[in-house]
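Chain by chain, the residues:
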Amino acid sequence: MILAQLPRFHLSILARPSFSLSSSHFNFLNPKPPVTVARTLFSFASKSNLATVEPIPLPVSDSSDLDDAPVEISLDKLFIPPETDVSGDDPASLTARILKGSNIVLSKYARDAQVVQADYVKSSVKTEDCPADGLPEFALVGRSNVGKSSLLNSLVRRKRLALTSKKPGKTQCINHFRINDKWYLVDLPGYGYASAPHELKQDWNKFTKDYFLNRSTLVSVFLLVDASIPVKQIDLDYASWLGQNQVPMTMIFTKCDKRKKKKNGGKRPEENIKEFQDLIQGFFETTPPWIMTSSVTNQGRDEILLHMAQLRNYWLKH
Ligand code: GDP
């Protein structure tokens, strides 16, 4: 299988023999750090790190104060990119390097994140028909209605572009959008349509799985999960499949602006996110990167672009 030879991002992390943090050492292959480290929790709620990397204007946010509530993450739950050394960082400086609303540490590869140009290129029904120019790409996938088109709109800031994927005949295709003539955003068919005939669903599964396993320029799948509703088995199944097949994955939690706790015992986004992560923990050797987003407030937009930039630039170099 081609997969094993690819310069996949998280495989590089797994290949690292060990990882040290301040005076304590723990093996990255064993995600359970010593108790002293595990008890060290970092709060991060500072401003987006974007401005420190390049001058992309920060999005206007109408989100509630709760968006700035500190989120605590233990060290072993952070995503630390390869070639990123945090051993000399004290808690405050490490906190400053974590992308807001995520578990992602910024690396030296986080540059050229801005989207200045976005063009629809083509819709393909087979992996072999996808663009063959070798540019790196990121695939967006998620249950139908998860907010995939809204996120795509928000990333490229062009409403009509994302609508392209919603045109009849294209919802079941691999839709390629070229960004800055340098990389691709790929919109994959949504899964979990209640109304789709069984055979059609199987077919989509087959071709998206083939794409995940054989698309050599795929840097990472971005799995969208609705954080405003309880965890769905179909999303867990998807994450599990990606984990078991060692397909690099970033989790994008959508609709994080929907904060109202429902009277019927509904949970807040943070609670749903935590539950999702606890449930998928066993599928991955190291914690996958995740980012909280909202297409209503633009929360997470710049963070996604920076994360894509660091994955992409690392991929291009290796
Ligand atoms: P898709 O089927 O995954 O492409 O989902 P859409 O982008 O079409 O969104 C489905 C529905 O969710 C629409 O009614 C959107 O307005 C709504 N939606 C999408 N993103 C968000 C979000 O971040 N916050 C909220 N509150 N609603 C959203």
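Residues numbered from 1 in each chain as written. Predicted model: local features only at pLDDT ≥ 70, side-chain atom pairs only at ≥ 80, totals over all residues. Heavy atoms only, no water.

- Identification of the protein as GTP-binding protein At2g22870 from Camelina sativa is taken from an unreviewed UniProt entry.
- As recorded by UniProt, the Sequence similarities (unreviewed entry) comment attached to the protein reads in full: "Belongs to the TRAFAC class TrmE-Era-EngA-EngB-Septin-like GTPase superfamily. EngB GTPase family."
- As stated in UniProt under Cofactor (unreviewed entry), the record for the protein gives "Mg(2+)". (UniProt positions renumbered as here; feature names shortened; annotations may be inferred.)

### Some remarks on the sheet that holds strand β6 (residues 137-142)
Here is step 1: The 7 strands lie next to each other as β5-β7-β8-β6-β9-β10-β11, forming an open sheet whose pairing is mixed. Two strands lie at the open edges of the sheet, namely β5 (118-124) and β11 (290-292), each paired on one side alone. Between one strand axis and the next, the sheet turns through 25° on average, direction left out of account.
Here is step 2: As paired strands, strand β7 (residues 174-179) and strand β8 (residues 183-187) are joined by 5 bridges and run antiparallel to one another. The residue bridging R178 from the neighbouring strand is Y184, located in β8.
Here is step 3: Contacts from helix α8 (residues 233-244) reach β6, β9 (218-226) and β10 (249-254), with the element oriented near 160° to β9.
Here is step 4: Its contacts with the sheet place helix α9 (residues 269-280) against β9, β10 and β11, and it is angled at close to 155° to β10. (Pairing = 2+ DSSP bridges. Helix = DSSP H or I, 4+ residues; strand = E, 2+ residues; numbered from the N terminus. Axes fitted to C-alpha atoms, helices over the stretch in contact; angles between N-to-C directions. Contact = heavy atoms within 4.5 Å.)

### What about the pattern of salt bridges?
Here is step 1: Using the criterion set out here, one finds 12 salt bridges in the structure.
Here is step 2: Close ionic contact of R215 with E137 constitutes a salt bridge, the shortest N to O distance being 2.8 Å. In this pair, R215 sits in the loop between α7 (198-214) and β9 while E137 sits in strand β6, placing the two residues 78 residues apart along the sequence. As far as the burial class goes, R215 and E137 line up, both buried.
Here is step 3: For D226, the salt bridge is made with K255, and the minimal N-O distance between the two is 3.7 Å. Of the two residues, D226 sits in strand β9 while K255 sits in the loop between β10 and α9, which places them 29 residues apart along the sequence.
Here is step 4: Taken together, the salt bridges that share partners define one network made up of E83, K108 and K317. (Salt bridge = Lys/Arg side-chain N within 4 Å of Asp/Glu carboxyl O. Buried < 20%, exposed > 50% of the residue type's maximum accessible area, 1.4 Å probe, protein only.)

### A short note on the confidence of the model for the protein
Reading fine detail from the predicted coordinates is not recommended where pLDDT is low.
Here is step 1: Taken residue by residue, the protein gives an average pLDDT of 77. The fraction at 70 or more is 71%.
Here is step 2: Below pLDDT 50 for its whole length, residues 1-67 participates in 141 contacts with residues either more than four positions away or in separate chains. (pLDDT = per-residue confidence, 0-100.)

### A look at the packing of helix α5 (residues 148-156) against helix α10 (residues 301-317)
Here is step 1: With their axes 10 Å apart at the nearest point, α5 and α10 run at an angle of 75° to one another. It follows from the interaxial angle that α5 and α10 lie roughly perpendicular. On the side of α5, the interface is formed by L151, S154 and L155, while α10 contributes R301, I304, L305 and M308.
Here is step 2: Looking at side-chain class alone, the contact of α5 with α10 contains 5 nonpolar, 1 polar and 1 charged residues. (Parallel < 35°, antiparallel > 145°, perpendicular 65-115°, else oblique. Nonpolar A, V, L, I, M, F, W, Y, C, P; charged D, E, K, R; others polar.)

### Some thoughts on the state of the cysteines
Here is step 1: With the rule as written, the count across this model stands at 0 disulfides.
Here is step 2: Among the cysteines around C130, which has no disulfide bond, C173 carries the closest sulfur, lying 9.9 Å off. (Disulfide = S-S within 2.5 Å.)

### Observations regarding the nonpolar core
Here is step 1: Residues Y211, F212 and F253 are the most contacted members of the largest nonpolar core, which totals 42 residues.
Here is step 2: Among the elements of the structure, β6, β8, α7, β9, α8, β10, α9 and β11 are those that each provide at least two residues to this core.
Here is step 3: At 5 residues, the largest contribution of residues to this core is made by α8.
Here is step 4: Ignoring sequence-local partners within four residues, the contact set of Y211 consists of T127, C130, E137, A139, I174, V186, L188 and L218. (Core = buried A, V, L, I, M, F, W, Y, C linked by side-chain atoms within 4.5 Å.)

### Some remarks on the environment of R301
Here is step 1: One can find R301 in helix α10.
Here is step 2: Along the backbone, R301 and I291 are 10 residues apart, and their C-alpha atoms lie at a distance of 9.3 Å.
Here is step 3: Polar side-chain contacts of R301 include one of 2.5 Å to the backbone oxygen of S154.
Here is step 4: Looking at R301, its side chain comes within polar contact range of the main-chain oxygen of L155, at 2.8 Å. (Polar contact = N/O pair within 3.5 Å; in protein donor to acceptor, adjacent residues only side chain to side chain.)

### Here's the deal with the pairing of β8
Here is step 1: Burial of β8 is extensive: 5 of the 5 residues sit out of reach of the surface.
Here is step 2: Alternating positions in β8 separate into two faces, W183, L185 and D187 on one and Y184 and V186 on the other, with burial throughout.
Here is step 3: With 4 bridges connecting them, β6 and β8 associate as parallel partners. Opposite E137, over in β8, you have Y184 as the bridge partner.

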